[in-house]
Amino acid sequence: MSDVTIFHNPQCGTSRNTLALIRNAGIEPQVIHYLETPPTRTELVRLIQDCGLSVREVLRSKGEVYDALGLAHPDRTDDELLDAMVAHPILINRPIVITPKGARLCRPSERVLDILPRPQQGPFSKEDGEVVIDAQGQRRV
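Residues numbered from 1 in each chain as written. Predicted model: local features only at pLDDT ≥ 70, side-chain atom pairs only at ≥ 80, totals over all residues. Heavy atoms only, no water.

Here the focus is the pairing of strand S1 (residues 5-8). The alternating pattern of S1 places Thr5 and Phe7 and Ile6 and His8 on opposite faces, both of which are buried. Two elements, S1 and strand S2 (residues 30-33), share four bridges in a ladder whose sense is parallel. Among the inter-strand pairings, His8 is bridged to a residue of S2, identified as His33. A crossover links S1 with its parallel partner S2, the connecting element being helix H1 (residues 13-24), and its sense is right-handed. (Buried < 20%, exposed > 50% of the residue type's maximum accessible area, 1.4 Å probe, protein only. Helix = DSSP H or I, 4+ residues; strand = E, 2+ residues; numbered from the N terminus. Pairing = 2+ DSSP bridges. Right-handed = clockwise from strand over helix to strand, strands pointing away.)

So this is what it looks like as structure tokens:
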């Protein structure tokens, strides 16, 4: 069992880049396809707290479900937002990564570098060609 977990959506480029950065550190994480296996409400609350974020910061604000449920309204309570995320996991922003060094919502994907327990083992470029780790193993800022 890996000590690194990613809540992953393979349809999301940021999530794919984050998973690739984890693997570039020589780590094979536990991959949770959260749309198929969503966290419980209790697990979601813990994830949000561990990331040090508000419920609204973890709420994905793009897409039809967000608009249809009127979640942009500022009077929506955290409980209402959590209920919506549990009922519609597509509303959970991703990817969320948990390691022994902490938990992060990895947007952008290179945020994962701050919590990986191992360094990158080679150069890395995102799917769009942006260099994140150069040939000398240095992080590009």
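Further remarks concern the nonpolar core. In this structure, Ile48, Leu59, Leu71, Met85, Leu91, Ile92 and Ile96 are the most contacted members of the largest nonpolar core, which totals 21 residues. Among the elements of the structure, helix H2 (41-51), helix H3 (55-58), helix H5 (78-87) and strand S4 (102-105) are those that each provide at least two residues to this core. Apart from the residues lying within four places of it in its own chain, the contact partners of Leu59 are Tyr66, Leu71, Leu81, Met85, Leu91 and Asn93. Membership of the second largest hydrophobic core comes to 16 residues, among which are Val4, Ile22, Val97 and Val132. (Core = buried A, V, L, I, M, F, W, Y, C linked by side-chain atoms within 4.5 Å. Contact = heavy atoms within 4.5 Å.)

Turning next to H1. Between its terminal C-alpha atoms H1 stretches 16 Å, which fits the 16 Å expected from twelve residues at 1.5 Å a residue. Looking at H1, one finds that the buried residues are Ser15, Asn17, Thr18, Leu19, Leu21, Ile22 and Asn24. The inward-facing, buried residues of H1 contact S1, S2, strand S3 (96-99), strand S5 (124-125) and strand S6 (131-133). With its phi angle positive at about 80 degrees, Gly26 sits one or two positions after the end of H1. (Expected span 1.5 Å × (residues − 1).)

Looking now at the state of the cysteines. On inspection of all chains with the given rule, the structure shows zero disulfides. Of all cysteine sulfurs in the structure, the one in Cys106 sits closest to Cys51, which takes part in no disulfide; the separation is 7.9 Å. (Disulfide = S-S within 2.5 Å.)

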